[in-house]
Amino acid sequence: MRLFSRRRGRLAAFLLCLLTSVGATAQNAAGAAPSRTPAPLFVLNSLDASVSVIDPATWTEKQRIPTGKEPHHLYMTPDERSVIVANSAGDSLTFLEPRTGQVQRVLYGVIDPYHLQFSRDMKWFVTAANRLNHVDIYRWDGTEPKLVKRIATGKTPSHIWIDGTSTTAYVTMQDSDELIAVDLPTQTIRWRIATGPMPADVFGIHGGKTLLVGLTGSDGVQVFDVAGAQPKLVGQIPTGKGAHAFRATGDGKGVFVSNRVANSISRIDIATLKVSDTYPVPGGPDCMDVSADGKTLYVTSRWARKLSVLDLTSGKVVRQVNVGRSPHGVWTLDHAKR
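Residues numbered from 1 in each chain as written. Predicted model: local features only at pLDDT ≥ 70, side-chain atom pairs only at ≥ 80, totals over all residues. Heavy atoms only, no water.

**Q** Could you clarify how one ought to interpret the sheet that holds strand E4 (residues 71–76) in this entry?
**A** Strand pairing in a sheet relies on backbone hydrogen bonds. The paired strands run either parallel or antiparallel. With respect to topology, 4 strands assemble into an open sheet ordered E4-E5-E6-E7, the strand pairing being antiparallel. Single-partner strands in this sheet number two, and they are E4 and strand E7 (103–108). On average, each strand axis in the sheet is inclined to that of its neighbour by 20 degrees, with strand direction left out of account. Examined bridge by bridge, E4 and strand E5 (residues 83–87) share 5 bridges and lie antiparallel to one another. Bridge pairing links Pro71 to Asn87 in E5. (Pairing = 2+ DSSP bridges. Helix = DSSP H or I, 4+ residues; strand = E, 2+ residues; numbered from the N terminus. Axes fitted to C-alpha atoms, helices over the stretch in contact; angles between N-to-C directions.)

**Q** Looking at this model, I keep getting lost on the confidence of the model for the chain. Mind explaining?
**A** Detailed reading of the predicted coordinates is not advisable wherever pLDDT falls low. Confidence in the prediction for the chain averages 91 pLDDT; 90% of positions are at 70 or higher. Segment residues 1–35: pLDDT under 50, and 0 contacts once partners within four positions in sequence are set aside and those in other chains are kept. (pLDDT = per-residue confidence, 0-100. Contact = heavy atoms within 4.5 Å.)

**Q** For this particular structure, what's the right way to read the nonpolar core?
**A** Formed by 14 residues in total, the largest nonpolar core has its most connected members in Ile137, Ile160 and Leu184. Elements represented by at least two residues in this core include exactly strand E9 (124–129), strand E10 (134–140), strand E12 (157–162), strand E13 (168–173) and strand E14 (178–183). Leu184 has contacts with Trp124, Val126, Ile137, Ile162, Ser166, Thr167, Thr168 and Ala169, leaving out every residue within four places of it along the chain. Formed by 13 residues, the second largest nonpolar core is a distinct cluster that contains Val221, Phe246, Val257 and Ile270. (Core = buried A, V, L, I, M, F, W, Y, C linked by side-chain atoms within 4.5 Å. Buried < 20%, exposed > 50% of the residue type's maximum accessible area, 1.4 Å probe, protein only.)

**Q** Which parts of the structure should I look at to understand the sheet that holds strand E2 (residues 50–55)?
**A** The strand order across the open sheet formed by 4 strands is E3-E2-E1-E28, and the pairing between neighbours is antiparallel. Of all strands in the sheet, those bounded by a partner on one side alone are strand E3 (60–66) and strand E28 (327–332). Each adjacent strand pair in this sheet contributes to an overall mean axis angle of 25 degrees, direction not counted. Relative to E2, strand E1 (residues 41–45) runs antiparallel, the two being bridged by 5 bridges. In the strand pairing of E2, Leu41 is matched with Ile54.

**Q** Can you help me understand the pattern of salt bridges in this one?
**A** Pairs can form between side chains of opposite charge whenever their charged atoms are close. What the rule picks out here adds up to 16 salt bridges. We note a salt bridge from Asp112 to Arg131, for which the minimum N-O separation is 3.5 Å. Taken together, the residues span a long stretch of sequence, with Asp112 in the loop between E7 and strand E8 (115–118) and Arg131 in the loop between E9 and E10 at a distance of 19 residues. A relative accessible area of 0% places Asp112 in the buried class. (Salt bridge = Lys/Arg side-chain N within 4 Å of Asp/Glu carboxyl O.)

**Q** Is there a simple way to explain the environment of Gly196 in this structure?
**A** With respect to the secondary-structure elements, Gly196 resides in the loop between strand E15 (188–194) and strand E16 (199–205). For the pair Gly196 and Val221, spaced 25 residues apart in the sequence, the C-alpha separation amounts to 9.1 Å. What Gly196 contacts, discounting residues up to four positions off in sequence, is Asp177, Leu215 and Gln222.

**Q** Help me understand the packing of aromatic side chains in this model?
**A** In this description, a pair of aromatic rings is defined by centroid distance and the angle of the planes. Applying the stated rule across the entire model yields 11 aromatic pairs. For the ring pair Tyr170 and Trp191, a centre distance of 5.9 Å and an interplane angle of 40 degrees mean the geometry is tilted. With a gap of 21 residues between them, Tyr170 in strand E13 and Trp191 in strand E15 connect regions that are remote in the sequence. What makes Trp191 buried here is its relative accessible area of 7%. The ring of Phe95 has Arg105 lying over it, and the distance from NZ or CZ to the ring centre is 4.1 Å. The aromatic ring of Trp124 is capped on one face by Arg139, whose charged end is 4.0 Å from the ring centroid. (Phe/Tyr/Trp six-rings, centres within 6.5 Å; stacked < 30°, edge-to-face > 60°. Lys NZ or Arg CZ within 6 Å of the ring centre and 35° of its normal.)

Pasting the structure below:
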């Protein structure tokens, strides 16, 4: 009897240990955060009609996706389920899955979509026809853009910025040196004002009361007060030759501008409207995106066929990744606030 009791005791202890081990393993598995593959970076190769998909873990191009002709800019759908690549010479939009790069669909019949943007209320979708001198205003129902009106503009509409009220789209005219304001509810041009040579990107600050306009044909950024009924030029910020594209720093305090000819990136302090930092970036820096932690700037080096990775702490380019010809737009799902 005593021998039998010992065996039963040992068996019970073994089973208890086994159950405890299994329970602890299950608990650890349930409590552990699932590993997540970093989102890729998308780089548009304008002269190759393709998108390079970059793996940020290995810093290699893991695939190249064919698109329509001349993809220049890209933008995320309001539901964050697709990245739209605008193929300006292909008159089409390519929809990509933001984590895999898989082509979801191609929408044809969108004429010359050089630049594109959604309104904040997600009701309007606006494209600028760089070759054909018009702006198209679409209604967005969540899946398909429906053309409401095509507006003739000045020469070579370039970049778009839509204000926080979703009522005004500001568009630069690259070859007629103008900035226009389009009233979205009425689809009419509210005003136009002369700018410096070759205005490119436009970006709103101060709650949308101030606009920054990059002058690719000059060496800086113009500042416009658009709080009133009519715009006013109120200043200019020297940054570098070929000032072109903007990207918010992510902390609400600054804006990056790429100086394509000067081969540099300037950081503009929003409070002072002065350059607080300048970073050398080779190869004609163009479009930019910022990592989710705000420590890294991804820059397309337009003339070098590279994606340049700028460490904002050291102020140095720490790596370059080979991509296609004339890389333009760059985007990642894992980004800082825009």
